[in-house]
Amino acid sequence: MKVTRLRAALCALAIGSVLMAGAPLAPAVAGEYDDRRNENESRQQAVDEAMATLEEELAHTDATLVQAYAELQAIDAALPAAEAALVAAEALLAQLQREAAIIAQRLVAAEAEEQNITAQVQADTARADEIRAAVGQLARDAYKGDMSESSLSAALDAESTEDFVEQSALADTALRTQTQALRDLEQLNGVNRNREVRLGAVREEVTALKAEADANVLAADAARADAEAKKAQLEQMREEQAQKAAAIEGQKAAQVARQAELEAQQAALEAELAAIIQAQEAERRRQQAAAAAAGQSGGGGGPAPSATGSRPFANPTAFNPWVRTSKYGMRFHPVLQYTRLHAGMDLRAYCGTPLYAAASGTVEWARARSGFGNQVMINHGYWNGASLMTSYNHMTSFAVSGGQSVQQGQLIGYAGNTGLSGACHLHFETYVNGATTDPEPMLN
């Protein structure tokens, strides 16, 4: 899998994880969540920048190891976001549980108040009924004449002074009792009316609290399910992280061996080119000596340079302009943990796209060379007094053969992913006097 695609997947995974949320968060929780999200986005930006360099650092690494490493990086980048999402979900659940406890306490208090007011209303209603009954009895007694005597009749009917005083006192007491009972009844009715209003308000509060409690239960259940899902996702990601790390460790030894093999091949290639240059130089000197013996002037053996100037190379790819995906130079391998030379320059070239001779010359060979894959080596003769050659690596197929002369811009083959390569591209190498050098300054 190409690293750039994995980088895009990494970004989506990390941001998608951190944005996942359940029920709405309280302001305090939301603020903490935003801080974590900003922190994760900053970390994601750093990871993106690091991933952008992987194309250069891992260009000549086994594709399966590149994939395992890139997936590990994606998981590592997404883990903090997933952890933050889990913390936010658990915080929301805890918040809803605290709110549920508060609602439950309020509901208990409201129901207790409802019961208390109901009991008071019932007691006062019973008391009012008793007062009404008493007043009614007094009215009935008065209607029958038992309490209708006036003070005069009490005086006329009294048999003695003591009897008069007693009957008058009884009549006054009965009247006062009836009057007080009516006042008590009116007061009880007023108090009960107020309690009925309060009871209605309390019952509405109880109904609202029950509805709120029901909604809170639903929200808490959803938050609990969300937290459990995020926890499961986090555990799965950690398991995948461990598996990827183990896979990388398992492949390291083989990859180190392949890298050592590639470096040995690079050294052997340069030795082979040195032999070619030596033979070429010997032939040129032989021709110069023969020319001198024949009395001829000037001249020099060997191929003439196919290009002049500071930039002798044309674009060898189908892209216009060319696109560099990996530069020449020493670099630290993030998986193998050592510094190595990237002896060429990688240019973007999709699988099967045409490749062209960067300059005119003679094809030394077109054959498979293990880590280099299918390779074309072109000898461009001398340039600015130095031997100049170029190689085109990881090709899928050839359009030229050894010993063939080619012109600048001539089709020589097609891009591929053969040899030690992580994806289809052109690994373009330049040799000056048999040693690799950075091609970029010489490429138009």
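Refer to the preceding data block for the structure.
First, a word on scope: everything that follows refers to the structure included in this document. (Residues numbered from 1 in each chain as written. Predicted model: local features only at pLDDT ≥ 70, side-chain atom pairs only at ≥ 80, totals over all residues. Heavy atoms only, no water.)

This part covers the overall build of the chain. Assigned secondary structure in the chain consists of five helices and 13 strands. Residues counted as buried form 39% of the 444 residues belonging to the chain. Sequence separation of 24 or more characterises 75% of the internal contacts of the chain that already satisfy a separation of 6 or more. Of the roughly 22600 Å² that the chain leaves accessible, carbon and sulfur atoms contribute 54%. (Helix = DSSP H or I, 4+ residues; strand = E, 2+ residues; numbered from the N terminus. Buried < 20%, exposed > 50% of the residue type's maximum accessible area, 1.4 Å probe, protein only. Contact = heavy atoms within 4.5 Å. Areas by Shrake-Rupley, 256 points an atom, 1.4 Å probe, with all protein chains shown as cover.)

Attention now moves to the packing of aromatic side chains. Scanning the entire structure with this criterion turns up three aromatic pairs. Measuring from centroid to centroid gives 5.4 Å for F319 and Y350, while their planes differ by 70 degrees, and the two rings are edge-to-face. In this pair, F319 is assigned in the loop between α5 (161-293) and β1 (324-326) and Y350 in the loop between β4 (345-347) and β5 (354-356), connecting sequence segments 31 residues apart. By relative accessible area, which is 48% here, Y350 ends up partly exposed. Summarising the aromatic geometry, the rings of Y392 and F428 are spaced 5.3 Å apart at their centres and angled 50 degrees between planes, so their arrangement reads as tilted. Of the two residues, Y392 is situated in strand β8 (residues 386-395) and F428 in strand β12 (residues 426-432); the sequence distance between them amounts to 36 residues. Here Y392 and F428 have matching classes, each one buried. R367 extends its terminal NZ or CZ atom over the ring of W365, reaching a point 4.5 Å from the ring centre. (Phe/Tyr/Trp six-rings, centres within 6.5 Å; stacked < 30°, edge-to-face > 60°. Lys NZ or Arg CZ within 6 Å of the ring centre and 35° of its normal.)

On to the sheet that holds β5, then. Spatial ordering of the open sheet is given by β5-β11-β9, a layout of three strands whose pairing is antiparallel. What marks the edges here is a single partner per strand, and that holds for β5 and β9 (397-398). As defined by bridge partners, β5 adjoins strand β11 (residues 411-414) across three bridges and the pair is classed as antiparallel. Bridged to L355 within β11 is G413. (Pairing = 2+ DSSP bridges.)

Turning our attention to the pattern of salt bridges. Counted by the stated rule, this structure contains 18 salt bridges. Here E283 ties to R286 by a salt bridge, and the two come within 2.6 Å at their closest N and O atoms. Here the residue E283 and the residue R286 both occupy positions in helix α5, the gap between them amounting to three residues, near one helical turn. Each member of the salt-bridge network shares a partner with another, and the members are E272, R367 and R369. (Salt bridge = Lys/Arg side-chain N within 4 Å of Asp/Glu carboxyl O.)

Among the nonpolar cores identified, the biggest contains 24 residues, and F313, V376, I378, Y392 and I412 are the most heavily contacted of them. Among the secondary structure elements, those contributing two or more residues to this core are β4, β7 (374-383), β8 and β12. Counting residues in each nonpolar core, the second largest holds 11 residues, with L273, I276, W365 and Y431 among its members. (Core = buried A, V, L, I, M, F, W, Y, C linked by side-chain atoms within 4.5 Å.)

Here A81 is to be found in helix α3 (residues 63-144). You can call A81 buried: its relative accessible area is 1%. Linking A81 and L234, residues 153 residues apart in sequence, is a C-alpha distance of 9.6 Å.

Along the chain, the position of A220 falls in helix α5. On the accessibility criterion, A220 (7% relative accessible area) is buried. Expressed as a C-alpha distance, the spacing of A220 and A94, which sit 126 residues apart in the sequence, is 8.6 Å. If we skip the residues at most four places from it in the chain, A220 touches L93 and L96.

Our next topic: the pairing of β8. β8 sits mainly inside the fold: 10 of its 10 residues count as buried. Bridge count for β7 against β8 is seven bridges, and the pairing is antiparallel. Paired with V376 across the bridge in β8 is Y392. Between β7 and β8, which pair antiparallel one after the other, the connecting turn spans two residues, and N384 there sits at a positive phi close to 55 degrees. The sheet contact formed by β8 and β12 spans six bridges and is antiparallel. Note on β12: the bridge partner recorded for T390 is T430.

This next bit is on the environment of A415. As for its placement among the helices and strands, A415 is situated in the loop between β11 and β12. Taking relative accessible area as the criterion, A415 reaches 0% and is therefore assigned buried. Distance in space between the C-alpha atoms of A415 and R348 is 9.3 Å, their sequence separation being 67 residues. Not counting residues up to four positions away in its chain, the partners in contact with A415 are A349, Y350, C351, G352, T353, L355, H394, M395 and T396.

Bringing the pairing of strand β6 (residues 361-368) into the picture now. By the bridge criterion, two bridges tie β6 to strand β10 (residues 405-406) in an arrangement that is antiparallel. Note on β10: the bridge partner recorded for G361 is V406. One ladder, built from six bridges, connects β6 with β7; its direction is antiparallel. The partner of R367 across the bridge, within β7, is Q375. Following β6, the chain reverses through five residues before pairing antiparallel with β7; S370 in that reversal takes a positive phi of roughly 45 degrees.

This part is about the state of the cysteines. Taken as a whole and judged by the stated rule, the model has one disulfide. The disulfide partner of C351 is C424, and the S-S distance across this bridge is 1.7 Å. Taking the torsion about the S-S bond as the criterion, the C351 to C424 disulfide, at about 90 degrees, is right-handed. Pair noted here: C351 is in the loop between β4 and β5 and C424 is in the loop between β11 and β12, with a separation of 73 residues, a long-range link. When its relative accessible area of 55% is taken as the criterion, C351 is described as exposed. (Disulfide = S-S within 2.5 Å.)

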